[in-house]
Every structure is written in structure tokens, then in C-alpha cells.
Amino acid sequence: MMNVTSVLDQITLFCEKYPQSATHLSQVHLDLTKAKAWKEVRVVEIEPLQRCVIFGKANTETEAQIIVPCSSSESWSIERITLLFSSLQSFLNEPSYKSVTLAITFPDSTVVYYKVHEGIVPPTNDCVS
């Protein structure tokens, strides 16, 4: 099992390249790897967005999820979410991702996760009851 120092060593280069999002990236990366014990976690630089995203699998998942670390002070409009999806699909060349999870960080080190879908997605039964 990796310690916190070795986990942070893996993302240092990305934090140096994108200092405006370094605290959010490191906070979310630590939350996923240490608190939530995700596996196969890796950071991927998305140059058109000038930020990094995190790919990883929750313990119960077989397919990797895309996590977008961001600050609670960032605004996410429909246009910006559309740009996020188009940039991810063209840069990754994988149109199979129809959702991403925004990992919103707060100054008190809280991380809140919101799943965002491309297009309109009907609610699940447990959301409507």
C-alpha cells in the first residue's frame, strides 16, 4: 500500500504545470486513493481544458470513471459542461464516456461529488420516489 508521500509524488508534475488547480487535484486524488480506496487511479492531462482529470475505479465498479477536480468557487454553465464533454471526447478519442463526475473541493477539505451526464438522462426509479 502506498503512503501519502508516494501518492503526491505521482501528481507533482501535474500540480507544477497547473498550479491554479493543484490543491483541488491533490485533495481529490488523496480522497479517492486513501479515503475511498479506489483502484487503478491515474491522472490524465487534458490540454484543451488546461487541467487534469482523474480516471479510476471504485471498489465495486468494473469500468473506469472520469473525475474532474474543481473548486467550489468555479461556475459550471451548460456551455462549459458541453465544452468539457467535447474536449474529453476529442482529446481522449473515446466517445463512450457519457458522464463525468465533478469533484468539488471546499476550503475546509470537504469534497462533494456530482455526476454530470451528456445530454438529457431520465432519472432512475429511486430518484423519483
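As annotated in an unreviewed UniProt entry, the protein chain carries the name tRNA-splicing endonuclease subunit Sen15 domain-containing protein and comes from Rhizophagus clarus. Here the protein chain is described in UniProt, under the heading Sequence similarities (unreviewed entry), as follows: "Belongs to the SEN15 family."

Before going further, it helps to examine the overall build of the protein chain. Helices and strands together make up the secondary structure of the protein chain, namely 4 helices and 5 strands. When its helices and strands are written in sequence order, the protein chain yields α-α-β-β-β-α-β-β-α. Across the 129 residues in the protein chain, those meeting the buried criterion constitute 42%. Carbon and sulfur atoms provide 56% of the accessible area of the protein chain, an area that totals close to 7,900 Å².

Next up on the list: the sheet that holds strand β4 (residues 99-105). Across the sheet, 5 strands lie side by side as β1-β2-β3-β4-β5; this open sheet has mixed pairing. Two strands lie at the open edges of the sheet, namely β1 (39-46) and β5 (111-117), each paired on one side alone. When strand polarity is set aside, the average angle formed by the axes of neighbouring strands in this sheet is 30 degrees. In this structure, strand β3 (residues 65-71) lies alongside β4, joined through 5 bridges in parallel fashion. The residue of β4 that forms the bridge with Cys70 is Ile104. Contacting β1, β2 (51-57), β3, β4 and β5, helix α2 (residues 22-35) runs over the sheet at an angle of about 135 degrees to β3.

Turning to the pairing of β1, a few remarks are in order. Both faces of the sheet carry side chains from a regular strand, because those side chains alternate between them. Where β1 and β2 come together, 6 bridges link them in antiparallel fashion. Across the sheet, Lys39 pairs through a bridge with Lys57, a residue of β2. Between β1 and β2, which pair antiparallel one after the other, the connecting turn spans 4 residues, and Gln50 there sits at a positive phi close to 50 degrees.

Let us now look at the pattern of salt bridges. On inspection of all chains with the given rule, the structure shows 4 salt bridges. Between Arg80 and Glu74 there is a salt bridge, with the nearest N and O atoms lying 2.8 Å from each other. Judged by relative accessible area, which is 24%, Glu74 ranks as partly exposed. One network of salt bridges, in which partners are shared, links Arg51, Glu74 and Arg80.

The next point concerns the packing of aromatic side chains. Overall, the coordinates contain 0 aromatic pairs when judged by the stated rule. Lying across the ring of Phe55, Arg42 places its NZ or CZ 4.6 Å from the centre. Over the aromatic face of Trp76 sits the side chain of Arg80, whose NZ or CZ is 4.1 Å from the ring centroid.

A few words on helix α3 (residues 78-92). Between its first and last C-alpha, α3 extends 21 Å over 15 residues, near the 21 Å set by a 1.5 Å rise per residue. Within α3 the residues assigned to the buried category are Ile81, Leu84, Phe85, Ser87, Leu88 and Leu92. What you see down the axis of α3 is that its buried residues fit within an arc of 165 degrees, all on one side. In α3, those exposed residues whose orientation departs by more than 90 degrees from the buried face are Ile78, Glu79 and Ser90. Where α3 is buried, its residues contact β1, β2, β3, β4 and β5. Phi turns positive, to about 55 degrees, at Asn93, one or two residues after α3.

Procedures and definitions
- Residues numbered from 1 in each chain as written.
- Predicted model: local features only at pLDDT ≥ 70, side-chain atom pairs only at ≥ 80, totals over all residues.
- Heavy atoms only, no water.
- UniProt positions renumbered as here; feature names shortened; annotations may be inferred.
- Helix = DSSP H or I, 4+ residues; strand = E, 2+ residues; numbered from the N terminus.
- Buried < 20%, exposed > 50% of the residue type's maximum accessible area, 1.4 Å probe, protein only.
- Areas by Shrake-Rupley, 256 points an atom, 1.4 Å probe, with all protein chains shown as cover.
- Pairing = 2+ DSSP bridges.
- Axes fitted to C-alpha atoms, helices over the stretch in contact; angles between N-to-C directions.
- Contact = heavy atoms within 4.5 Å.
- Salt bridge = Lys/Arg side-chain N within 4 Å of Asp/Glu carboxyl O.
- Phe/Tyr/Trp six-rings, centres within 6.5 Å; stacked < 30°, edge-to-face > 60°.
- Lys NZ or Arg CZ within 6 Å of the ring centre and 35° of its normal.
- Expected span 1.5 Å × (residues − 1).
- Arc of directions from axis to C-beta.

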